[in-house]
Structures are given as structure tokens and as C-alpha cells.
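Listed here are the chains, written in short residue letters.
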Amino acid sequence: MKAKKVIAMLLAATLSVTAFTGCAINKTATVATLDKEDIKLGLVNFMIRYQEAGYDDMYIQYMGEGYWDKTVSGNNTVLETWKKNAIEEAHELYTLKAHQSDYDVEVSDNEKKEIKKAAEKFMKANSDDVIDEMSATEEIVEEYLELRLIKSKMYAAIIKNADSSVTDEEANMAAYTIVKLDYKGAYDSNYQYQTYTDEQSAQIKAQADAVVEALAGGSSLEDAAKAAGTTATTGTYATYVDPDAEKTDDSDKKSDDTESKESVSDTESKESSESSNSKTKDSVYTTNNLDQSVVDALNSLEEGQTSDLITTDSAYYIVRLDKKTDEEATESNRKTVKGNKEDKYYNGILSGWQ
């Protein structure tokens, strides 16, 4: 990857000091040491603050003011978790730097000039208050950009040795139509979960029964859902089962991929993956956001067939298998699986060094 692509994130970066929490810190303090090389707090703080500024608007949109101080998992706030992740990122970057010679990776003089220009532009584009909060100096910005460039080059060099071929079976995505009726509760417009009363749950069950009855009378799933006052949606799911992966206790998902929304926090997904079974976490195949009982039902159907009513701990489902292979989704998933295989290989090399 060219240096210009790596440094593009900073070329037009004009940030607002209101995005930041905290105060100025000692830039030269040592926060960690790797093989006698000190990692300075100024660099780690810059990494945290730059990402914080980029995500602040999105977090506020989804979760409101003060999101950084909220506890989203475990006992850590969002910002505390970001600090932990920044240390892990620094560990990765400095580890890759220490192994540059293993893959003949270098930063050229021209690339260093591009990095210096980007750092100068960043410093000029932002106010003194922002620079102070980020503990930014030209040297810190240059160091971060060089480390990121080394990472991109090392990643490209490492995955050349990966077996990232993908079979048709591994890539396959099937298409379905689904009716989902949550009977325990739902999220309101403020993303707060509201538990249904017994009366509300009974009304949801009546809806599900109405869909089943309409289907028995010859209606399509779409028409049956409409008549019952709900909707049928479409989606795709991966049919391949990774033989090295084990099911985890959290297989009962709250939503399917027809209803997916942009995650409000990469941090939350990282923490979630850390708590899951290691074999599942290392899987290179596509994870379905469907309840496993729904996947099992779909796998038992022929094209055009509709399932019976499926009841889980929180929802009713009725599904129809539309296509055993959705060509467009399958080709897209082929790229995903290839990337996952490359990531797995890269992470194995990195963890071995670490």
C-alpha cells in the first residue's frame, strides 16, 4: 500500500476540542516497553484521541451525550476500553516494526517525506487546544503514520504466504424470506429495551397464529404477514459449517441480518468476541446473525418451501427458503471468507511473535 493511502486519514483532519474528554498529559512518560523500546504516552494518547474524535458524532447520534463515560460491558467505560485497545494496537505496531527485516519491509525516503508533509498539515489545520488535548507533536504524528505504514506493508507481505483459496461450499449463501415477531419486548427509538406485558405478548402470539392460519389457507408468506399486520423481509445466510468451530451459548441472537443496523461501537463487538469460545472466534467462515433454530429450519427446506412456526426464547419465526444459492451474495461472501482467512493467518504470525 502506498504511503499516500495510509496518510490520507490525516490530510483533511480538522477536529473540534469539544470531542475530547480528559486533560493534557505528560507526552514523554513511558506507558509500555517492548524489547527495550519505550512506548510513550504521548503516542498512545494521540491514537486514542484521534479515533475518539472520529467516532464522537456517531456515538452521540446513537447513545446521546456522555457516551464515553458509559459502561457497555464488564466494569469498564467506553473510554477505558478504548485505552486498553490502544495499548494493544501499540503492541501490534511495535511488534511489526521489530520484525520488518523478516519480510524486507522498509519505509522509503519519499514515503517519509509524504508522512512529514501530512504531519505538518495536520498540525496547522488544528487549534492549539485540540493539539494539546491530543498530545500531538509533529514527531508523534509522524511516528504514528510511519507505524501504520509499516503495518500495511507487513500485512501485505505476511498474507502472501496464506492459503486463502475459497471453495464454492465455503462461500455459499442461501436466500430466504422471514417473518419475525418478538414477544418478549423491543427496543424503542432511544435504543432502550422495553419488556412487553403479558397482554402484549399474547397479542404477538395471536399475530403469529394468524400468519400460520393464512399460510394453511394458501396465502404466500408475504400476504399472510400483511394480513396479520406485520411484514415479511428477505435476507441471506451462510450454509457452510466450519468444522473447527464450536457453538457458543449465545447462539440465540436478538436480530437477523434483514434487520441489521450499523454497530454503535467497534469496542463492544471486540469485547463480545473476546468472551466467546476461542475456536468460534478463530473461525474463518461467515457468522450468521440468525437464531440457530432458524438456520436449522432453513437447511431442512427445499427451495420454495415454508417452515412451521419456530419458537425461540424471545421470538416467533416463519421462514421460506427462496434459493439454495444466491449468486450475488455468494460472490460477495467469497471475498469475505478470503479476507477472514488472510486475517487469521496474519494474526497467527503476529501472536507467535508477541
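What you see is a predicted model; the values in this text were computed from it and never measured. (Residues numbered from 1 in each chain as written. Predicted model: local features only at pLDDT ≥ 70, side-chain atom pairs only at ≥ 80, totals over all residues. Heavy atoms only, no water.)

Novice: I'd love a proper account of the sheet that holds strand β5 (residues 173–182), names of residues and values included.
Specialist: Backbone-to-backbone hydrogen bonds join strands into a sheet, with any given pair of strands oriented parallel or antiparallel. An order of β8-β5-β10-β9 is seen for the 4 strands of this open sheet, with the pairing classed as antiparallel. The open sheet has two free edges, formed respectively by β8 (233–238) and β9 (310–311), since each of these has just one partner strand. As judged from the 8 bridges shared by β5 and strand β10 (residues 315–323), these two strands associate in the antiparallel manner. The residue bridging Leu181 from the neighbouring strand is Tyr316, located in β10. Along the sheet, helix α12 (residues 292–299) makes contact with β5, β8, β9 and β10, crossing β10 at roughly 35°. (Pairing = 2+ DSSP bridges. Helix = DSSP H or I, 4+ residues; strand = E, 2+ residues; numbered from the N terminus. Contact = heavy atoms within 4.5 Å. Axes fitted to C-alpha atoms, helices over the stretch in contact; angles between N-to-C directions.)

Novice: Run through the pattern of salt bridges, naming residues and quoting values.
Specialist: Per the counting criterion, the structure on display carries 16 salt bridges. With its nearest N and O atoms 3.1 Å apart, the salt bridge here joins Lys341 to Glu170. Taken together, the residues span a long stretch of sequence, with Lys341 in helix α13 (residues 327–353) and Glu170 in helix α7 (residues 168–171) at a distance of 171 residues. Residue Lys341 is classed as buried on the basis of its relative accessible area of 14%. The residue Arg320 makes a salt bridge to Glu222 at a minimum N-O spacing of 2.8 Å. A residue pair is termed long-range when its members are at least 10 positions apart, and Arg320 in strand β10 and Glu222 in helix α9 (residues 221–227) qualify at 98 residues. You can call Glu222 partly exposed: its relative accessible area is 34%. Three or more residues joined by partner-sharing salt bridges are found here, namely Lys116, Glu120 and Glu142. (Salt bridge = Lys/Arg side-chain N within 4 Å of Asp/Glu carboxyl O. Buried < 20%, exposed > 50% of the residue type's maximum accessible area, 1.4 Å probe, protein only.)

Novice: An account of helix α4 (residues 109–125) is needed here, citing residue identities and associated values.
Specialist: One turn of the α-helix equals 3.6 residues, which is why residues spaced by three or four share an orientation. With 17 residues, α4 extends 24 Å from end C-alpha to end C-alpha; this agrees with the ideal 24 Å at 1.5 Å per step. When we look at burial in α4, the residues that qualify are Glu111, Ile115, Ala118, Ala119, Phe122 and Met123. Taken end-on, α4 shows its buried residues confined to a sector of 135°, consistent with a single buried face. In this structure, α4 carries Asp109, Asn110, Lys113, Lys117 and Lys124 as exposed residues pointing more than 90 degrees from its buried face. (Expected span 1.5 Å × (residues − 1). Arc of directions from axis to C-beta.)

Novice: Give me the side chain of Asn45: which residues, what numbers.
Specialist: In this structure, Asn45 sits in helix α2 (residues 41–63). We classify Asn45 as buried; its relative accessible area is 7%. Beyond its immediate sequence surroundings of up to four residues, Asn45 is in contact with Ile25, Glu133, Met134 and Ser135.

Novice: A description of unusual backbone geometry should follow, citing residues and the corresponding values.
Specialist: Notably, Lys36 is not glycine yet its phi reads approximately 70°, a positive angle. Locating Lys36 in the fold gives a position in the loop between β1 (30–34) and β2 (37–40). Within the chain, Asp104 stands out as a residue other than glycine whose phi angle is a positive 55°. With respect to the element layout, Asp104 can be found in the loop between α3 (78–98) and α4.

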